[in-house]
Amino acid sequence: MTQLTVGKFKLSEIAEWFGIKVTSFNAAKEKKLEELKEFADYELISTHQIQITKVKYPFYVKKNSKNYEIIKKQITKTWNPDGIDTCKRVSNQIYKEKHNELTLTESTTYNYTIKAKTELYGKCGSKYGGSIGYSNYIWAKWDHEHQKYVKLSPEEDKIKKQLFTKYFGKANEVTMFIQESIKNGELTKEEAWAAYDEMMDIDYNFKNVLDDFFIQTGIKLVRCTIVTGKDWEEIVEA
């Protein structure tokens, strides 16, 4: 078991997710279950089983470890000074520069980078932010000349908005339908996303947005993350 999902799990499976033996988990059961709260909301069903009700972060990252501290320190050095970047590009750069110091695979470095970004800048869109700033999503493009992600031009942003309106124009209405269905008990929160996805045909329409944007502009639209420090006045919204 490499990542948490909503559902029932044996504590032996949770031990596997932590990357430790069942005997080690049982010896520190209270401590490990408390640590699990950082990654998920759960209920103890029995002495051997739990119910994960909400996943906050699916991959286990051992905070304060040497690997984690190296990556967290490198994020502020590697992230584009303009604020717009992706955890994938940053993690690739960190791994390239620090793989001799890290005892991690490239994919695990990516998981650690996401976790460290969240600690530093919070979850995207969260008003609480992280220890040093805030983060949000933004649609951007790759600047080949300067080798970094940059904002769309006003004209490109206009085309992007027109395409999202064309393919996702009924999103607000569908959201209200889903919200009412949850209130009325017709859908659980766990079922809501699947219902929304089906009604909106998200994968198909999102592909249309990306394809049409490229056809009209010759540019690949990329979902990036923009970070700001806590002393900045505002976050630029997508």
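Here the structure is a predicted model, which means the values were calculated and not measured. (Residues numbered from 1 in each chain as written. Predicted model: local features only at pLDDT ≥ 70, side-chain atom pairs only at ≥ 80, totals over all residues. Heavy atoms only, no water.)

(A) Broad picture of the sheet that holds strand β4 (residues 84-85). Read across the sheet, four strands follow the order β4-β7-β5-β6 without closing on themselves; strand pairing throughout is antiparallel. Each of the sheet's edge strands pairs with one partner strand only, and the pair in question is β4 and β6 (148-151). (Pairing = 2+ DSSP bridges. Helix = DSSP H or I, 4+ residues; strand = E, 2+ residues; numbered from the N terminus.)

(B) Representation of the state of the cysteines. For the structure shown, the criterion picks out zero disulfides. The thiol sulfur of C124 is not disulfide-bonded, and the nearest other cysteine sulfur, from C87, lies at 7.5 Å. Its relative accessible area of 23% is what places C124 among the partly exposed residues. There is no disulfide at C224, and the cysteine sulfur nearest it, in C87, is 10 Å away. (Disulfide = S-S within 2.5 Å. Buried < 20%, exposed > 50% of the residue type's maximum accessible area, 1.4 Å probe, protein only.)

(C) Molecular detail of the nonpolar core. Grouped together as the largest cluster of nonpolar side chains are 33 residues, with contacts concentrated most on I14, L36, I71 and I75. For this core, the secondary-structure elements that each account for two or more residues are α1 (11-18), α3 (29-36), β2 (40-44), β3 (49-55), α4 (66-78), α5 (87-98) and α6 (106-121). Among all residues touching I75, those that are not within four sequence positions of it are V90, I94, T113, A116, K117, L120 and Y121. Counting residues in each nonpolar core, the second largest holds 18 residues, with Y167, F168, I202 and V209 among its members. (Core = buried A, V, L, I, M, F, W, Y, C linked by side-chain atoms within 4.5 Å. Contact = heavy atoms within 4.5 Å.)

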